[in-house]
Structures are given as C-alpha cells and as structure tokens.
Amino acid sequence: MPCPPAKARHLFKSGKARPKRNKLGLFYVQLCYEQEPSNQPLVVGIDPGSTFEGYSVVGMHETVLNLMVEAPGHVQKAVETRRTMRRARRQRKWRRPKRFDNRLTGKKRIPPSTRSRWEAKARVVVHLQKVLPLTAVVVEDVQAVTWPGKGGKWNGLFSPVQVGKEHLYRLLREKGLTVHLKEGWQTKELREQFGLKKTKSKSKQTFESHALDGWVLAASISGACAPTCTKLWYVVPAVLHRRRLHRLQASKGGMRKPYGGTRSLGLKRGTRVRHPKYVLCTVGGFDRRKQTISLQAYRTNQRLTQGAKVKDCQALTWVAFRSWLVKEQQKSKGKGKPPRLRPKQGTLASSPGLQGQGSPQAED
C-alpha cells in the first residue's frame, strides 16, 4: 500500500523493513514482520499502443502507480537481419549442414515481433504482481480495421493482432488474474464520465498521454472516484545484443571483430553501476585487448566512454528495464516569465532574520 517517506525512514531505522528494487527499477519497501492481509484490492489498467503503453494501478480510493512504457520495436529489424545473413550463408559453397531438425515449417507459432510486443505487457504485470496484491487486469481490447474481401472480411494485419491479444489474455489468466476487456469507445466514455482530458501528444511524458486511459480502465473496476496521484514513471526495456560470431561489416584491415553477448568482463550487460566520473550509468560492451568496458548514460543510453575499468565501477543491481520518475512541469499562467515580486522596505519578508520564509523564492 502507499507509504509516505517519513514512515518508510522510521521503518528502516527500527529494522522493521528493508529497501528493495524490482526488475522494473521501482523502489519499494519490504516488511520484515508478518502482517494480516487486510489490503485493499488493486486493479491494473493497460492501454496498449504501438510505440508507448500506459499502465496504472488503482485501489478503491488511492492511485498507487502510473507507468509509461516504451513498446519493444527492435525485433522486426533483428529478424530481417537474421534472415538476410541466413540467405547469405546458403549462397556460399561450403557451409555447415543442419544438426537438428528445428525448422518451423508446418508448426503453429506466433510471429516474433507480435510475440515480443504482447509478452512485454504480461512481463510488466508479472513484475508488478510480485510487489503488489493485484486481483484484476483491465485491458483496452484492440480492434483491427477490416474490409470486405474474398471469403468474408479480411485484413493482412488482423491475424497478428488477434493472435497477439489472445496470447496476452491467456498469459494473464494463467497468473490468477481476472481479465476485463473494454473497447476504445468505452474508454472514451469513461474519460468523459470522470471529467478527464487526454493530450494529443502521444510521446509526451505526462500522466495525460497514456497512463490516463490506464487509470480510467482500472477505476471502472476498483471504484475509485478521482486520481489521487499523477506522478509518472517512464520505463524503457533493456535491449541485449545476442552473441554473433562477428560483426556484419568488416572493420579497417578486413578484420571482423566478435560482437554481442550478455557479459562484459564479468559484469552482466545492462548492470546499473556507479562510476566516480560518470556517476550513475549502465554497462555496455567491452574491449578484449585493452580490458576495458563501455558505459552508457542511464536515461538516454548514450555512450559515455569505452575506456572504463571494472575496478572503478561499483555494481548496484541489474534491472531488465530502465526507469525514472518524470519531473512534473509547473504550469505557468499566461505567456512569458511570471514577474518577480519584491517586498517593500519595512515589511515582514524584508527583515534580515526572516529572509526566505515568506519570499516568493522560498515558495519555488
């Protein structure tokens, strides 16, 4: 359940709780003593999207968590690269014959890009279920556009969407959660019913972009009246480059360097570390000859250096997602900067001993 920071610090000092962080990168408090299960039922609402997705965990009265998650979009390009390299190997005169009958011809399967997108939603719910007593899930049922064709209605994109969402519903039910479905027009009616307005900017990191739809979906089942918290966590899934024999393009001198893998000189790639110069960052690739690793910025994932030593890095934890709390922007009235108010001489705020208590600068 929601806990204020003052109470969390008291629990830590008294030894009744310990700080924890799950694979989503979210910080939470774990109690060290047994407590009666008198928690309010929590419902998670999911707003699926092609690029961004919204999640919101809502109770009977309080809003527990709001997430904006980037959907995985690298799988399709990775599959195309794999297909290109496989066809290139077939054109060579000498190649290794197959050792196992692992061909997928004639077998029922889900396309890789569709499977990654819909299983990513279930993966987020599973990580939330480990720290929160979730009872139900409300998902906006995506409807594919169809048009008349031979043999009835047909659309090339209908089958992957239908197969993917049915796969998601099956995974959620296997976790013991009750699945409720709402269509898009029902989500719009819920927004109007609660008096909430959604922003048109899909990529804006605010509560009104995607988490708002997740909140109204969850509140329609939990019974909440209004969002008590609009703070947003932005979550980015970690992408690990799997091991290849060599790079696709040869470097200078015609040498093909090895590429990929999940370990860098003993550290797992994506591990959250603290460096004396670059502070909080994540582990990337490594150089075998120089015995150095590369470090990326935690939020932007931009490369900071390729010459970091392992002994200088303090390993904190490994998370499957990079997440951070989005800073709320203060709404300014009108155009331009607000005028700075200066107290007159002789007033209470201008006294030397009371500077900063009643001044506008202290309120900021």
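A short tour of the structure in this document, coming up. (Residues numbered from 1 in each chain as written. Predicted model: local features only at pLDDT ≥ 70, side-chain atom pairs only at ≥ 80, totals over all residues. Heavy atoms only, no water.)

1. Description of a positive patch on the surface
Together, Arg82, Arg86, Arg87, Arg89, Arg90, Arg92, Arg96, Arg99, Arg103, Arg109 and Arg256 make up a region of like positive charge exposed at the surface. Overall, Arg99 belongs to the exposed group, its relative accessible area being 63%. (Patch = residues over 30% accessible without salt bridge, like charges linked within 9 Å, V, L, I, M, F, W, Y side chains within 5 Å. Areas by Shrake-Rupley, 256 points an atom, 1.4 Å probe, with all protein chains shown as cover. Salt bridge = Lys/Arg side-chain N within 4 Å of Asp/Glu carboxyl O. Lys, Arg positive; Asp, Glu negative; His and termini not counted. Charge placed at Lys NZ, Arg CZ, Asp CG, Glu CD. Buried < 20%, exposed > 50% of the residue type's maximum accessible area, 1.4 Å probe, protein only.)

2. Things to note about the packing of helix H2 (residues 75–90) against helix H3 (residues 112–129)
H3 packs onto H2 with a crossing angle of 150 degrees between their chain directions and a minimal axis gap of 8 Å. With respect to each other, H2 and H3 are oriented roughly antiparallel. In this structure, H2 meets H3 at a crossing whose hand is right-handed. Taken together, the residues of H3 that come into contact with H2 (itself represented by Val75, Gln76 and Val79) are Pro112, Ser113 and Ser116. When grouped by side-chain class, the residues that make up the contact of H2 with H3 number three nonpolar, three polar and no charged. (Axes fitted to C-alpha atoms, helices over the stretch in contact; angles between N-to-C directions. Helix = DSSP H or I, 4+ residues; strand = E, 2+ residues; numbered from the N terminus. Parallel < 35°, antiparallel > 145°, perpendicular 65-115°, else oblique. Left-handed = near helix turned anticlockwise from the far one by under 90°. Contact = heavy atoms within 4.5 Å. Nonpolar A, V, L, I, M, F, W, Y, C, P; charged D, E, K, R; others polar.)

3. With respect to helix H5 (residues 184–194)
Along H5, the residues that are buried comprise Thr187, Leu190 and Arg191. Along H5, the residues classed as buried sweep out an arc of 100 degrees about the axis, all on the same side. Exposed and oriented more than 90 degrees from the buried face of H5 are Glu192 and Gln193. On its buried face, H5 is in contact with strand E6 (134–140) and helix H6 (211–222). (Arc of directions from axis to C-beta.)

4. Considering the sheet that holds strand E17 (residues 314–318)
Spatially, the five strands line up as an open sheet ordered E16-E15-E14-E13-E17, and their pairing is antiparallel. Unpaired on one side and paired on the other, strand E16 (303–308) and E17 mark the two borders of the sheet. Ignoring strand direction, the axes of neighbouring strands in this sheet form an average angle of 40 degrees. Two strands pair when backbone bridges link them, and strand E13 (residues 271–275) and E17 are joined in this way by four bridges, in the antiparallel orientation. Each residue of the ladder has a partner; that of Arg272, found in E17, is Thr317. (Pairing = 2+ DSSP bridges.)

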